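The lines below spell out each chain.
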Amino acid sequence: MKNKNFLFFALSQGISSFGDIFFDTSILLLVYDSTRSVLQSAMVGVAWHISSMILSPIAGALSDSYDRKRILMFSNFIGFIVTFCVALFYLINEKLSLSVALSAIVLSNIAQTFIRPASKSILPDISGEENIAGATGTLRYITDIFNFIGTLSVGFVIEFFGGFTAIIIDSITFFIASVIIVFINIPQRSISIDINKNDNLLGKIRDGWGVLSSNVLLKRIVVAAILINVVSFIGPLLPAFIDEKFSGGSIDYSVIETVSLIAGILVGSTASTLTEHIQSKKLISYGWIGMGLSILGTSIFKGRFIIYVMFFLQSLFVTVSAVNLDIFMLREVEQKFRGRIIGIVSSLSVSTLIAGIVGDRVPVMYIFMFAGIYATVIGILCFITVKKVNVPPEIEH
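The numbering scheme is per chain: residues are counted from 1 as the chain's sequence reads. Per-residue local features are limited, in this predicted model, to residues with pLDDT of at least 70; the limit for side-chain atom pairs, both in listing and counting, is 80 or more; totals at the level of whole chains, interfaces and linings are taken over all residues. Side-chain calculation: all heavy atoms of the structure are included, whereas hydrogens and water are not.

Participant: Whenever I open this one, the overall build of the protein confuses me. Can you help?
Facilitator: By definition, any uninterrupted DSSP run of H or I lasting at least four residues is a helix, any uninterrupted run of E lasting at least two residues is a strand, and each is numbered from the N terminus. The helix and strand inventory of the protein stands at 14 helices and 0 strands. Going from the N terminus to the C terminus, the protein shows its helices and strands as α-α-α-α-α-α-α-α-α-α-α-α-α-α. Partitioning the intrachain contacts of the protein with sequence separation of at least 6 by distance along the chain shows that 87% fall at a separation of at least 24. Surface accessibility follows the Shrake-Rupley procedure with a 1.4 Å probe radius. Residue values consider only the protein chains on display as shielding. Summing over all exposed atoms, the protein offers an accessible surface of approximately 17,200 Å²; the carbon and sulfur share of this is 67%. The contact definition used throughout considers only heavy atoms, calling two residues in contact when any of these lie within 4.5 Å.

Participant: In this structure, what is going on with the packing of aromatic side chains? I would like to understand it.
Facilitator: Think of a pair of aromatic rings as described by two things: how far the centres are apart, and how the planes are tilted against each other in angle. Pairing of aromatic rings covers Phe, Tyr and Trp, the last counted by its six-membered ring, and requires centre-to-centre distances within 6.5 Å; plane angles under 30 degrees mean stacked, over 60 mean edge-to-face, and any other angle means tilted. Under the criterion given, the structure shown has 9 aromatic pairs. Measuring from centroid to centroid gives 5.6 Å for Phe 77 and Phe 80, while their planes differ by 45 degrees, and the two rings are tilted. With Phe 77 and Phe 80 both in helix 3 (residues 68-93), this residue pair falls 3 residues apart, about one helical turn. Phe 77 sits in the partly exposed class, given a relative accessible area of 35%. An aromatic cluster of at least three residues, connected via ring pairs, comprises Phe 77, Phe 80, Phe 84 and Phe 175. Residue exposure (1.4 Å probe, protein chains only): buried if accessible area is under 20% of the type maximum, exposed if over 50%, otherwise partly exposed.

Participant: Even after reading the chapter, I still don't get the side chain of Ser 178, so can you show me in this structure?
Facilitator: Here Ser 178 is to be found in helix 5 (residues 132-182). Filtering out sequence-adjacent residues up to four positions away, Ser 178 remains in contact with Met 73, Asn 76 and Phe 77.

Participant: Please clarify how the packing of helix 8 (residues 238-246) against helix 14 (residues 364-387) should be interpreted in this entry.
Facilitator: At their nearest, the axes of helix 8 and helix 14 sit 9 Å apart, and the two run at 120 degrees to each other. Facing Ala 240, Phe 241, Glu 244 and Lys 245 of helix 8, the residues of helix 14 in contact are Val 364, Met 365 and Phe 368. Residue type decides the class: Asp, Glu, Lys and Arg count as charged, Ala, Val, Leu, Ile, Met, Phe, Trp, Tyr, Cys and Pro as nonpolar, and the leftover types, Gly among them, as polar. Here the residues of the contact of helix 8 with helix 14 sort into 5 nonpolar, no polar and 2 charged. Throughout, an axis means a line fitted to C-alpha atoms (over the contacting stretch in the case of helices), and angles, computed between N-to-C directions, take values from 0 to 180 degrees.

Participant: I would appreciate a short explanation of the nonpolar core in the present structure.
Facilitator: The nonpolar side chains of soluble globular proteins are, as a tendency, buried together. Within the largest apolar cluster, 47 residues are counted, with the highest numbers of intra-cluster contacts made by Trp 288, Met 329 and Phe 368. Counting residues per element, the ones that place at least two in this core are helix 6 (201-214), helix 7 (216-228), helix 8, helix 9 (250-277), helix 10 (280-300), helix 11 (304-332), helix 12 (338-345) and helix 14. In terms of residue count, the dominant contributor to this core is helix 14 (9 residues). Not counting the four nearest positions on each side in its chain, Phe 368 is found in contact with Ile 234, Leu 237, Phe 241, Ile 295, Thr 298, Ser 299 and Phe 311. For this analysis, a nonpolar core means a set of buried residues of the types Ala, Val, Leu, Ile, Met, Phe, Trp, Tyr and Cys, connected via side-chain atoms within 4.5 Å. Of all hydrophobic cores here, the second largest spans 26 residues; its members include Ile 71, Phe 80, Ile 115 and Leu 330.

Participant: Help me understand the pattern of salt bridges, please; the structure alone is not making it clear to me.
Facilitator: Proximity of charged atoms lets side chains of opposite charge pair with each other. Should a side-chain nitrogen of Lys or Arg be within 4 Å of a carboxyl oxygen of Asp or Glu, the pair is scored as a salt bridge. Applying the stated criterion across every chain, the model contains 5 salt bridges. Two residues, Asp 144 and Arg 140, come together in a salt bridge whose shortest N-O distance is 3.3 Å. Taken together, the residues Asp 144 and Arg 140, both in helix 5 and 4 residues apart, mark about one turn of the helix. With a shortest N-O distance of 2.9 Å, Arg 304 and Asp 252 are connected by a salt bridge. With Arg 304 in helix 11 and Asp 252 in helix 9, this residue pair connects regions lying 52 residues apart in the sequence. Looking at Arg 304, the relative accessible area reads 37%, which means it is partly exposed.

Participant: Just checking my understanding: could you explain the side chain of Asn 147 for this structure?
Facilitator: Note that Asn 147 resides in helix 5. On the basis of relative accessibility, which here comes to 9%, the residue Asn 147 falls in the buried class. Setting aside residues no more than four positions away along its own chain, Asn 147 makes contact with Ser 17, Phe 18, Ile 21 and Leu 261.

Participant: When you look at a nonpolar patch on the surface in this model, what are you seeing that I'm missing?
Facilitator: The grouping of Phe 77, Ile 81, Ile 172, Phe 175, Ile 176, Val 179, Val 182 and Phe 183 at the surface amounts to a nonpolar patch, some 660 Å² of accessible area in total. With 5 residues, helix 5 is the single largest residue contributor to the nonpolar patch. The residues that make up patches have over 30% relative accessible area and no salt bridge, and they are joined within 9 Å when like-charged or within 5 Å when they are Val, Leu, Ile, Met, Phe, Trp or Tyr.

Participant: Just checking my understanding: could you explain the environment of Leu 11 for this structure?
Facilitator: In this fold, Leu 11 is placed in helix 1 (residues 4-35). For the pair Leu 11 and Ile 176, spaced 165 residues apart in sequence, the C-alpha separation works out to 9.9 Å. Contacts of Leu 11, omitting those with residues within four sequence positions, involve Phe 146 and Ile 180.

Participant: Help me out: how do you make sense of helix 3 in this one?
Facilitator: Since the α-helix advances by 3.6 residues per turn, residues separated by three or four positions end up pointing in the same direction. In this scheme, a helix's expected span is set at 1.5 Å multiplied by one less than its residue total. For helix 3, built from 26 residues, the straight-helix expectation of 38 Å at 1.5 Å per residue is met to within 8% by its first-to-last C-alpha distance of 37 Å. Along helix 3, the residues classified as buried are Arg 68, Ile 71, Leu 72, Ser 75, Asn 76, Gly 79, Phe 80, Val 82, Thr 83, Val 86, Ala 87 and Tyr 90. The term polar contact refers here to a pair of N or O atoms within 3.5 Å; inside protein, the definition further demands a hydrogen-donor-capable atom paired with an acceptor-capable atom, and it admits residues adjacent in sequence only when both atoms are side-chain atoms. Where helix 3 starts, the residue carrying a side-chain oxygen 2.9 Å from the main-chain nitrogen of Lys 69 turns out to be Asp 67.

Participant: What exactly am I supposed to notice about helix 14 here?
Facilitator: With 24 residues, helix 14 should cover 34 Å at 1.5 Å per step; its first-to-last C-alpha distance of 35 Å lies within 8% of that length. Those residues of helix 14 that fall on the buried side of the exposure criterion are Val 364, Ile 367, Phe 368, Ala 371, Gly 372, Tyr 374, Ala 375, Thr 376, Ile 378, Gly 379, Cys 382 and Val 386.

Participant: Quick question: what am I supposed to make of the packing of helix 5 against helix 11 here?
Facilitator: Packed helix pairs are specified by the crossing angle of their axes together with the interaxial distance, meaning the distance between the axes. For the pair helix 5 and helix 11, interaxial distance at closest approach is 10 Å and the crossing angle is 140 degrees. In the crossing of helix 5 with helix 11, the sense of the turn from one axis to the other is right-handed. Counting all contacts with helix 5, which are made through Ile 132, Ala 133, Thr 136, Gly 137 and Arg 140, the residues of helix 11 involved are Thr 319, Ala 322, Val 323, Asp 326, Ile 327, Leu 330 and Arg 331. In terms of residue class, the contact of helix 5 with helix 11 is made up of 6 nonpolar, 3 polar and 3 charged. Note on convention: near helix rotated counterclockwise from far helix by under a right angle means a left-handed crossing. Clockwise means right-handed.

Participant: Hey, could you run me through the confidence of the model for the protein in this one?
Facilitator: Caution is warranted with low-pLDDT regions, since their predicted coordinates should not be read in detail. Per-residue confidence from the predictor is reported as pLDDT, a score between 0 and 100. For the protein, per-residue confidence averages 80 on the pLDDT scale, and residues scoring 70 or more make up 85% of the total. The element-level mean pLDDT for the protein is lowest in helix 13 (residues 351-359), coming to 55, with helix 10 highest at 92. Between residues 392-397, whose pLDDT stays under 50, and residues either more than four places distant or in other chains, the model counts 8 contacts.

Participant: Explanation requested: the environment of Val 82 in the structure shown.
Facilitator: Of note, Val 82 is situated in helix 3. Between the C-alpha atoms of Val 82 and Ser 108, which are 26 residues apart in sequence, the distance is 6.3 Å.

Here's what the structure looks like:
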């Protein structure tokens, strides 16, 4: 895509995502290695999601009301300050307590919570409405390339240079991303955006829910997306799963992360072609069904290689559903409401905490088995309910 604004935007997203790999991996491994507790690892997942759960609707409403470029710049700069302070604390104390680690995750993710709806809602404005599918896939492809490089190098950096270096890398990438955003020219939104004349934040959030309620197809897919987020706990429980499954460690974790990113890169590079042949609303359901069956496979099979294959397939299907969910929402939702709808979808559940409590009492394998069955059922139900909705031909994609 020969679009300078899009390239700068994708570069800022990729660099920021690269840094997040270092921060997230170092914190997660630090907590599990020091406690060997599934519950403590789950607390990391809760910390990741709690700010999204509380602030995403607010962040979405703000991104629809204020200068999204300033939101992105300011949020990335806040992320830089937070992670820099965490790195200094780690350097001085040579360790991070669980409370400090969780606080750092919450504060860092607050910045990410405001970045998410602003960045997703501006994509059609800088790529063109007619290029939504291609731009979404290309953005995912570029981001996963940076993630892939980060995943390959994070273990080496932590092993030889320590946690301080990993966290400071994330801090630097936040700063670089905020600088790159300065050079992005984001087209001004239409003057008619505030036609609902709700000047208060709560009123704007209500307007978003109103749009959701009035569109049956959109409502059903968004509800399914919120329900599918219940299985988000499997990420924080991955170190415990690897340890329980075959007494694996950081090498297995890195291999799984690497093969997962390769799958994401493959999907990102073919997203536009896929949507030309299959409607996005169908691909979302197919992706969730495939994800569920793959997670179920990880709980049933035992060999290392087949487990790696299952995680590859899981990431493949997760990316298919995630990319097409973005494409569907950007096409289906009017410009003035995109941030609010994205904010609603980004609200996550507290299932990670429940999974952690259960995981300290039963094998993690059974939690993964439940997640696989649950995701498969949600995917099937979404496919059935969405199929029943009559959609005008002109908006079927």
